[in-house]
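Now for the letters of each chain:
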Amino acid sequence: MRFKGKSVIVTGGGTGIGKETALLFAKEGARVLITGRRRDKLGEVKAEAAGLGLEIEFTASDVSREEDCRAAVNYALGKHGKVDVLFNNAGVLHPGVTHETPADVWDRTFDINVRGTWLMSKFVIPHMIERREGRIVNNASIVGMKGFRALAAYTASKGAVVQLTKSMALEYADKGITVNAVCPGTTMTPLVTEGYLKRVSEEEGMRFMNSLHPMGRLAAASEIAHAVLFLAGERAGFITGSMLTVDGGWCAK
Ligand SMILES: NC(=O)c1ccc[n+]([C@@H]2O[C@H](COP(=O)([O-])OP(=O)(O)OC[C@H]3O[C@@H](n4cnc5c(N)ncnc54)[C@H](OP(=O)(O)O)[C@@H]3O)[C@@H](O)[C@H]2O)c1
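Nothing here was measured: the structure is a model prediction, and the numbers come from that model.

Peer 1: I'm lost on unusual backbone geometry in this one. Help?
Peer 2: Peptide bonds are mostly trans, and most non-glycine residues show a negative phi. One non-glycine residue, Arg 132, lies in positive phi territory at about 50°. Tracing the backbone through its elements, the reader meets Arg 132 in the loop between helix H4 (103-131) and strand S5 (134-139). Of note in this structure, Ala 150 is not a glycine but carries a positive phi near 65°. Structurally, the position occupied by Ala 150 is in the loop between S5 and helix H5 (152-172). The exposure class of Ala 150 is partly exposed, given its relative accessible area of 33%.

As C-alpha cells, then:
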C-alpha cells in the first residue's frame, strides 16, 4: 500500500497504459481519478476496479480543452481535497511522413499530446506549490528522443513533452514538486493495435516492431505502469527532470 491516502489523476485512464497505471495505483491504496473522452471506456475501468474491491472515480474530460482540464483538477480536489500525483498520459498517434501530414492532424496531435500535458500541469501545480509537495509524471516516448520515420507529428510532439518535462522540473525543483517522464518503447495497447497495426499487415508490423527492441518483444502496459509508480513514489524523491526509458534496450542502440 505504497500510495495509501494519496490522490492521483491519470489522464487517458480508460485504456492501455493509463488503465493499467490507474489500477496499479488503486491496488497500492491511492484514490484515483481517471479522465478521457469516452465515458464507456472509463466506466469499464471503474467496474473492473470495483470487481477487484478497488475504487476508481472517473470524469469525462478532453485534455486539449482548457475548461475540461480545470474542471477535472477541481473534481479531484473536490473529491479528495488534494492532488499528490498527476500522470499526464493521454495521447494520440497518427502515422505519416512530414510532407504528407495534414495540418489538422499536426495541430490535433500537438493539442492533445503537448497542450494537454501543459494544461493539466498548469491547473495542478498551484495546489502542489501550496502544499510544497507533488509528483508529475509525463508519458513521453522513446521517439521523443530518437528520430523515427513516418511519425512526424507524433515524434515532434513527444520531443516537446521531453523538453517541457525538463523545464518544469527546473521551475519547481525548489517547491517540493518533481517532474519526470517515462519513455516507453512500443507497448501493446490500442494505440499500436488500432493506430499502427491496422495500417500494415499484422505479421509484418509485429516483426518490425519486435526487431526495434533488443529484447525482441514489445512492452506490456503493466511494465510501463510500474515505472510510473516508481517515479511517483517516495523512493524517487531526488529524481527530477529524468527521462526513464522502459524500452527493452532500444535506446541503448
Ligand atoms: N503504446 C505505445 O507503444 C506507446 C509508446 C510510447 C508512448 N506511449 C504513450 O502512452 C500514452 C498512452 O497511450 P497507450 O499506448 O496506452 O494508448 P491508448 O490505449 O490509445 O491510450 C490513449 C488514451 O488517451 C486518451 N485520450 C486521447 N485523446 C484524449 C484527449 N483529447 N483527452 C483525454 N484523453 C484522451 C484515450 O481515451 P479517449 O479516446 O477516450 O479520450 C486513451 O484512453 C500516450 O501518450 C502514448 O503516446 C505509448
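Peer 1: Looking at this model, I keep getting lost on the packing of aromatic side chains. Mind explaining?
Peer 2: Each aromatic ring pair is specified by the distance between its two centres and by the angle formed by the two planes. Using the criterion set out here, one finds four aromatic pairs in the structure. Taking the centre distance of 5.0 Å and the plane angle of 85° together, the rings of Phe 3 and Phe 25 count as edge-to-face. Of this pair, Phe 3 sits in the segment before strand S1 (7-11) while Phe 25 sits in helix H1 (residues 16-27), and the two are 22 residues apart along the sequence. Take Phe 3 and Phe 25: they sit in the same class, and that class is buried. Ring geometry for Phe 148 against Phe 208: centres 6.4 Å apart, planes inclined by 45°, an arrangement best described as tilted. With a gap of 60 residues between them, Phe 148 in the loop between S5 and H5 and Phe 208 in helix H7 (residues 202-212) connect regions that are remote in the sequence.

Peer 1: How do you make sense of the packing of H1 against helix H8 (residues 221-232) when you look at a structure like this?
Peer 2: Helix packing geometry: the angle between the two helix axes and the distance between the axes. The contact between H1 and H8 brings their axes to 8 Å, and the two run at 55°. The orientation of H1 with respect to H8, classified from their angle, is oblique. Judged by the sense of rotation from one axis to the other, the crossing of H1 with H8 is right-handed. On H8, the residues touching Gly 16, Ile 17, Glu 20, Thr 21, Leu 24 and Phe 25 of H1 are Ala 221, Ser 222, Ile 224, Ala 225, His 226, Val 228, Leu 229 and Ala 232. Broken down by class, the residue content of the contact of H1 with H8 amounts to nine nonpolar, four polar and one charged.

Peer 1: Could you clarify how one ought to interpret the nonpolar core in this entry?
Peer 2: Here is a general trend for soluble globular proteins: nonpolar side chains tend to be buried in one another's company. Ranked by size, the top nonpolar core spans 32 residues in total, and within it Val 10, Phe 25, Val 32, Ile 34 and Ile 56 carry the most contacts. Only S1, H1, strand S2 (31-36), helix H2 (39-51), strand S3 (56-60), strand S4 (85-88) and H8 provide two or more residues apiece to this core. The biggest single contributor to this core is H8, with eight residues. With near-sequence residues (within four places) excluded, Ile 56 lies in contact with Ala 22, Leu 23, Ala 26, Val 32, Ile 34, Val 45, Lys 46 and Ala 49. Core analysis: the second largest hydrophobic core is formed by 25 residues, Cys 69, Val 83, Met 168 and Ala 169 among them.

Rules used in this analysis
Residues numbered from 1 in each chain as written. Predicted model: local features only at pLDDT ≥ 70, side-chain atom pairs only at ≥ 80, totals over all residues. Heavy atoms only, no water. Helix = DSSP H or I, 4+ residues; strand = E, 2+ residues; numbered from the N terminus. Buried < 20%, exposed > 50% of the residue type's maximum accessible area, 1.4 Å probe, protein only. Phe/Tyr/Trp six-rings, centres within 6.5 Å; stacked < 30°, edge-to-face > 60°. Axes fitted to C-alpha atoms, helices over the stretch in contact; angles between N-to-C directions. Parallel < 35°, antiparallel > 145°, perpendicular 65-115°, else oblique. Left-handed = near helix turned anticlockwise from the far one by under 90°. Contact = heavy atoms within 4.5 Å. Nonpolar A, V, L, I, M, F, W, Y, C, P; charged D, E, K, R; others polar. Core = buried A, V, L, I, M, F, W, Y, C linked by side-chain atoms within 4.5 Å.

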